[in-house]
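Residue strings, one per chain:
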Number of protein chains: 4
Amino acid sequence: MRIDLNADAGESYGVFTYGHDGEIFPLVTSVNLASGFHGGSPSRMREAVALAKAHGVAVGAHPGFPDLVGFGRREMALAPDEVYADVLYQIGALHAFLKAEGLRLHHVKPHGALYLKACRDRETARAIAEAVKAFDPEVPLVVLPGTVYEEEAKRAGLRVVLEAFPERAYLRSGQLAPRSLPGSWITDPQEAARRALRMVLEGRVEALDGGEVEVRAETLCIHGDNPRGPEVAQAVRKALEEAGVEIRAF
Amino acid sequence: MRIDLNADAGESYGVFTYGHDGEIFPLVTSVNLASGFHGGSPSRMREAVALAKAHGVAVGAHPGFPDLVGFGRREMALAPDEVYADVLYQIGALHAFLKAEGLRLHHVKPHGALYLKACRDRETARAIAEAVKAFDPEVPLVVLPGTVYEEEAKRAGLRVVLEAFPERAYLRSGQLAPRSLPGSWITDPQEAARRALRMVLEGRVEALDGGEVEVRAETLCIHGDNPRGPEVAQAVRKALEEAGVEIRAF
Amino acid sequence: MRIDLNADAGESYGVFTYGHDGEIFPLVTSVNLASGFHGGSPSRMREAVALAKAHGVAVGAHPGFPDLVGFGRREMALAPDEVYADVLYQIGALHAFLKAEGLRLHHVKPHGALYLKACRDRETARAIAEAVKAFDPEVPLVVLPGTVYEEEAKRAGLRVVLEAFPERAYLRSGQLAPRSLPGSWITDPQEAARRALRMVLEGRVEALDGGEVEVRAETLCIHGDNPRGPEVAQAVRKALEEAGVEIRAF
Amino acid sequence: MRIDLNADAGESYGVFTYGHDGEIFPLVTSVNLASGFHGGSPSRMREAVALAKAHGVAVGAHPGFPDLVGFGRREMALAPDEVYADVLYQIGALHAFLKAEGLRLHHVKPHGALYLKACRDRETARAIAEAVKAFDPEVPLVVLPGTVYEEEAKRAGLRVVLEAFPERAYLRSGQLAPRSLPGSWITDPQEAARRALRMVLEGRVEALDGGEVEVRAETLCIHGDNPRGPEVAQAVRKALEEAGVEIRAF
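An unreviewed UniProt entry annotates chain A as 5-oxoprolinase subunit A originating from Thermus tengchongensis. The record held by UniProt for chain A lists under Subunit (unreviewed entry) the comment "Forms a complex composed of PxpA, PxpB and PxpC." Word for word, the UniProt comment on chain A under Sequence similarities (unreviewed entry) is "Belongs to the LamB/PxpA family."

Printed below as a string of structure tokens:
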């Protein structure tokens, strides 16, 4: 049994430091690095790539909406062509730093509102998948299982990597619980670790609205930007290792 | 005898159209495409790459200072590390659009104030050369001959491509005449064509401050953003062709 | 009988020129000037304010979404607090240029996707109205009649100025026809002029889906950024003047 | 005897938090708030203005170069007209938040590289002074004594407020020691407090290159973004109060 632990990172911008990259990188096996649209200035991207290299962490691109002030968390009505061009641009920008360091682009995972929009808007999902395919059809796309986003990634012929969120509550329907619902966010590291374990070992977890929900996962997302992010990563990792789960990049 | 004609292009940004790409691309053999820092939004970059492909024009990256409002024409006190990261980022962003279209990155030529700073600031020049080398040591760098920029490009082991400016007046010293000097800018297409011809056939041209100056050139820059840019390109091209000069990308 | 003619303007950004301000300003009685979020860099704002002053045109603020690359035409999921802060910021930035020229802020009219969102999203409308009120409760807000935007502007105690669009087709319901519908956009200057006249003299116009629709208007919007914008403005103005309608700012 | 303590603040941008505003505001008597060019997004500006209001701190504008990624710390070759427009824009943007809260614009103090450039480039200094004067000739400008910046502020008829830096070493010439010199930066709170006291009580302080230097000050700048910024502010304030110096806004 094996699993990947991923974290969004490289989101600092110039003097503005964001997240806890230095503490998170030793604990995860893959990172999704920003490319300047929602965070991640060129110098900070370079720094994040060097950190990933030092820790032997697999590096993926983390394209977002062009909304630095909103950190890519506000949905934008981009036309599919605009999504395609924005994603391609961001992949390329990150790829240059990887190429300069002799690393390869390991995967792509959209950020924030772009990820969420892709999960329910087929045209957005398709534009993302087409951009990845146009850049390199061998690069896998990290997706939320059971969404049009997963469907479109597959239809484009890309390898999909299924993602689950131990820190987020799920609904019985399989969807992530909206952040507005009480209990939608798990902040206790031990509880997150317990959930991660169930997800990996049993393929299911308790739903917020009662009962259980199936959770298929090849990678678990750790939110390194939470105040307790590093603690959560530590607890999840420890629990998985103690249960004999191999933690390594997909 | 042969020469390349190059033009800065792809500098439109969203709804903001800049230059005369549609008229210029059929007349030149290489273009330098912006990557978003001084112009060139993702969708407009994609459009410019498609146009270049349609016309069989060689495509280079055209990295500039991060100054959209100033169009990269205002010198900025970037540390060499910042220049390196900014150039690498911009090369990568453009490269993604080329890769998606099955094209290769043909060369790099810095834009505006970054180009001019590289000509006289060794650290800036070195940072640009190192960024190109880190991305791909086979990619040539377009340089102004006789500058520290040429020296650093060579020192990095890059192929340099010498550039001359038929629309710009030269001083006897070999430098471009400052734009503030009367007569520093040649706007008449026939005069630009005559100068282009002398540069290519004789390797020299009249200096603004008297006498003549040696001009070594493997590529001539045409300013497509001038109101008469397309006319100049037409006249230069015609004069060279009539003189039996082969016009093709370096 | 009197009417105001307004145009969106001052949307150029650095070297990027947008619209036809020089031709439009002599033909309209009020302009809505951008403040940098979707267009309008500081130097170009200053230029537009000077032009408005020279032509004696009333100047309003034209706040948009923070989306320069999308020209503020793409809806964004901003929280009401974010709308409030963005609108207040943009009003203030423009106001400084007016104050420096001894002019007053005549009105506020949101731009593009922000305007459209305000017409159907009450919270957005309220946030805009609250921002204007907080800055100066005497400043009127230009609104589309019959919308929640009009309601919220009134509820905030602001004076509302009703706007109509001679170049846009209306539906029988009173709404603007979506741009995707054939015939939704009137490009012929004479036809736009004829419609403008009906709107002002009869308070009604033909609907795209049959029959007629009531149109209440204190100001008519002319799209100066269309290729034929100045022609339309000319034709509308001429038709109104010949019919004895007084054209002056509200 | 009285003195003002000022701090640069309001430089957070969207999710990116910068500095220690919450700890610094209770300790100083005036703050200089960013307006978006080097930091300070609209929502964070609003937040900073509310914080200043809650603490009764005088609020000035803190305009910088348009260089968010470089935090306004990199000199840019702006034409005087561009400086004028950029400063006016930023003053206006901040002023709107003050107006909305019933506060007045207390002063203007340029940020980072713009401040430093104004100290030695007369045209930049004049452009800043003209912008402030155009907005409101009653608003004072915070200046470094003995510079062309002070001269131009006076020539424009503005009230100047002399500033000194207890955390920065001075040269015998009266200039601030370049940051590259060892010892140019005082990080120990007690030492900063001792220097602040000498500056206020004796009007002089030890020079880094030997001897002493006259320091005229009506306001002392505290760097709230340093890790020990709040400690320094505390120590300086305590030392001044114990010496019977009245601490209040100029």
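1. A closer look at the relation of the copies chain B and chain C
Note on the copies: chain B fits chain C at an RMSD of 0.0 Å, the axial shift is 0.0 Å, and the rotation between them is 180°. Within this description, the copies of the chain are treated as partners about a two-fold rotation axis. By C-alpha distance to the rotation axis, the residue of chain B lying nearest is Phe16(B), at 2.9 Å. Looking at chain B, 100% of its interface residues are interface residues in chain C too, so the copies touch through the same face.

2. Re the environment of Tyr170(A)
Residue and element names in this part refer to chain A. The topology assignment puts tyrosine 170 in the loop between β6 (160-164) and α7 (189-202). A relative accessible area of 3% means that tyrosine 170 is categorised as buried. On a C-alpha basis, the gap between tyrosine 170 and lysine 238 in space is 23 Å, while along the polypeptide they are 68 residues apart. Separated by 3.0 Å, the side chain of tyrosine 170 and the backbone nitrogen of phenylalanine 165 make a polar contact.

3. Topic: the side chain of Thr219(C)
Relative to the elements of secondary structure, Thr219(C) occurs in strand β9 (residues 219-222). Within the local environment of Thr219(C), its side chain forms a polar contact with the side chain of Asp4(C), the two groups lying 2.5 Å apart.

4. Some details on the relation of the copies chain B and chain A
Expressed as a screw operation, the relation of chain B to chain A combines 0.0 Å of axial shift with a rotation of 180°, fitting to an RMSD of 0.0 Å. In this assembly, 100% of the residues forming the interface of chain B have copies in chain A that are likewise at the interface, indicating an isologous arrangement.

5. Topic: the interface of chain B and chain A
Facing 24 residues of chain B, the contacting portion of chain A comprises 24 residues. Summing both sides of the interface, chain B and chain A together bury roughly 2000 Å²; the carbon and sulfur share of this comes to 64%. Sorting the residues of chain B by area buried against chain A places Pro42(B), Arg46(B) and Tyr89(B) first, and these three jointly supply 29% of that buried surface. Viewed at the interface, chain A and chain B are joined by two salt bridges. With its nearest N and O atoms 3.6 Å apart, the salt bridge here joins Asp81(B) to Arg46(A). Taken together, the links from chain B to chain A amount to four residue pairs in polar contact (both at pLDDT 80 or more). Mapped by element, the contributors of at least two residues to the side of chain B that touches chain A are α2 (42-55), α3 (80-100) and α5 (122-135) of chain B. Top contributing element to the side of chain B that touches chain A by residue count: α3(B), with 14 residues. Here the side of chain B that touches chain A is built from residues that sort into 13 nonpolar, five polar and six charged.

6. Brief notes about the interface of chain B and chain C
Each side of the interface is counted separately: chain B has 13 residues, and chain C has 13 residues. Of the roughly 1100 Å² buried between chain B and chain C on both sides combined, carbon and sulfur atoms contribute 82%. When residues of chain B are sorted by the area they lose upon contact with chain C, Val15(B), Phe16(B) and Val69(B) head the list and together hold 56% of the total. Remark: the boundary between chain B and chain C carries zero salt bridges. Inspection of the region where chain B meets chain C yields zero residue pairs in polar contact (both at pLDDT 80 or more).

7. Some words on helix α5 (residues 122-135) of chain A
In an α-helix there are 3.6 residues to a turn, and that puts residues three or four apart on one side. Taking 1.5 Å as the rise per residue, α5(A) with 14 residues should run 20 Å; its terminal C-alpha atoms sit 20 Å apart, in good agreement. In this structure, the buried side of α5(A) is in contact with α3 (80-100), β4 (107-108), α4 (112-120), β5 (141-143) and α6 (148-155) of chain A together with α3 of chain B.

8. Points about the environment of Leu88(B)
Topologically, Leu88(B) is positioned in helix α3. Taking the relative accessible area as the measure of exposure, Leu88(B) reaches 0% and is therefore buried. Separated by 25 residues in sequence, Leu88(B) and Pro63(B) place their C-alpha atoms 8.6 Å apart. For Leu88(B), the contacting residues outside a window of four places in its chain are Ala96(A), Phe97(A), Ala100(A), Ala131(B) and Phe135(B).

9. Focus: the side chain of His95(A)
Structurally, His95(A) can be placed in helix α3. If sequence neighbours within four positions are ignored, His95(A) has contacts with Leu105(A), Phe135(A) and His95(B).

10. Quick word on unusual backbone geometry
All names here are of chain C. With a phi angle near 55°, phenylalanine 71 is a residue other than glycine that sits in the positive phi range. Among the structural elements, phenylalanine 71 can be located in the loop between β3 (58-61) and α3 (80-100). Classification of phenylalanine 71 by relative accessible area gives buried; the value is 1%.

11. What to know about the pairing of strand β3 (residues 58-61) of chain B
All names here are of chain B. Both faces of β3 are covered, namely the face carrying Ala58 and Gly60 and the face carrying Val59 and Ala61. Summarising the sheet, strand β2 (residues 30-33) and β3 pair through four bridges and their orientation is parallel. Residue asparagine 32 lies in a different strand from β3, and its bridge partner there is glycine 60. Running through α2, the crossover from β2 to the neighbouring parallel element β3 is right-handed. Here two bridges tie β3 to strand β4 (residues 107-108), and the two strands are oriented parallel to one another. If you follow alanine 61 over to β4, its bridge partner there is valine 108. On the question of chirality, the crossover connecting β3 to the parallel β4 by way of α3 is right-handed.

12. A closer look at the packing of α3(C) against helix α5 (residues 122-135) of chain C
All names here are of chain C. Contact geometry of α3 with α5 gives a least axis separation of 8 Å together with a crossing angle of 40°. Here α5 runs oblique to α3, going by the angle between their axes. Along this stretch, α3 crosses α5, giving a crossing that reads as right-handed. Residues Pro80, Val83, Tyr84, Val87, Leu88, Ile91, Gly92 and His95 of α3 pack against Glu123, Thr124, Ala127, Ile128, Glu130, Ala131, Val132, Ala134 and Phe135 of α5. Its residues placed into classes, the contact of α3 with α5 shows twelve nonpolar, three polar and two charged.

13. Points about the packing of aromatic side chains
Applying the stated criterion across every chain, the model contains 32 aromatic pairs over all chains. With a centroid separation of 6.3 Å and an interplanar angle of 85°, the aromatic rings of Tyr115(C) and Phe165(C) are classed as edge-to-face. With a gap of 50 residues between them, Tyr115(C) in helix α4 (residues 112-120) and Phe165(C) in the loop between β6 (160-164) and α7 (189-202) connect regions that are remote in the sequence. No difference in accessibility class separates Tyr115(C) from Phe165(C), as the two residues are buried. Arranged with centres 5.4 Å apart and planes meeting at 50°, the rings of Phe37(D) and Tyr89(D) form a pair that is tilted.

14. A word on helix α2 (residues 42-55) of chain A
In this model, α2(A) (14 residues) spans 20 Å end to end at C-alpha, consistent with the 20 Å of a helix rising 1.5 Å per residue. Every buried residue of α2(A) is listed here: Pro42(A), Arg44(A), Met45(A), Ala48(A), Val49(A) and Ala52(A). For α2(A), the buried positions fall inside an angular range of 160° around the axis, keeping them on one side. Those residues of α2(A) that are buried are in contact with α1 (21-24), β2 (30-33), β3 (58-61) and α3 of chain A together with α3 of chain B. Looking one or two places after α2(A), you find Gly56(A), whose phi comes out positive at around 65°.

15. Here we look at the state of the cysteines
Residue and element names in this part refer to chain A. Enumeration according to the criterion identifies zero disulfides over all chains in this entry. Cysteine 119 takes part in no disulfide bond, and the closest cysteine sulfur to it belongs to cysteine 221, at a distance of 12 Å. Cysteine 119 gets classed as buried once you look at its relative accessible area, which sits at 13%.

Rules of the game
Residues numbered from 1 in each chain as written. Chains lettered and ligands numbered in written order. Predicted model: local features only at pLDDT ≥ 70, side-chain atom pairs only at ≥ 80, totals over all residues. Heavy atoms only, no water. UniProt positions renumbered as here; feature names shortened; annotations may be inferred. Least-squares fit on C-alpha atoms with pLDDT ≥ 70 in both. Contact = heavy atoms within 4.5 Å. Helix = DSSP H or I, 4+ residues; strand = E, 2+ residues; numbered from the N terminus. Buried < 20%, exposed > 50% of the residue type's maximum accessible area, 1.4 Å probe, protein only. Polar contact = N/O pair within 3.5 Å; in protein donor to acceptor, adjacent residues only side chain to side chain. Buried area = accessible area lost by both parts, 1.4 Å probe. Salt bridge = Lys/Arg side-chain N within 4 Å of Asp/Glu carboxyl O. Nonpolar A, V, L, I, M, F, W, Y, C, P; charged D, E, K, R; others polar. Expected span 1.5 Å × (residues − 1). Pairing = 2+ DSSP bridges. Right-handed = clockwise from strand over helix to strand, strands pointing away. Axes fitted to C-alpha atoms, helices over the stretch in contact; angles between N-to-C directions. Parallel < 35°, antiparallel > 145°, perpendicular 65-115°, else oblique. Left-handed = near helix turned anticlockwise from the far one by under 90°. Phe/Tyr/Trp six-rings, centres within 6.5 Å; stacked < 30°, edge-to-face > 60°. Arc of directions from axis to C-beta. Disulfide = S-S within 2.5 Å.

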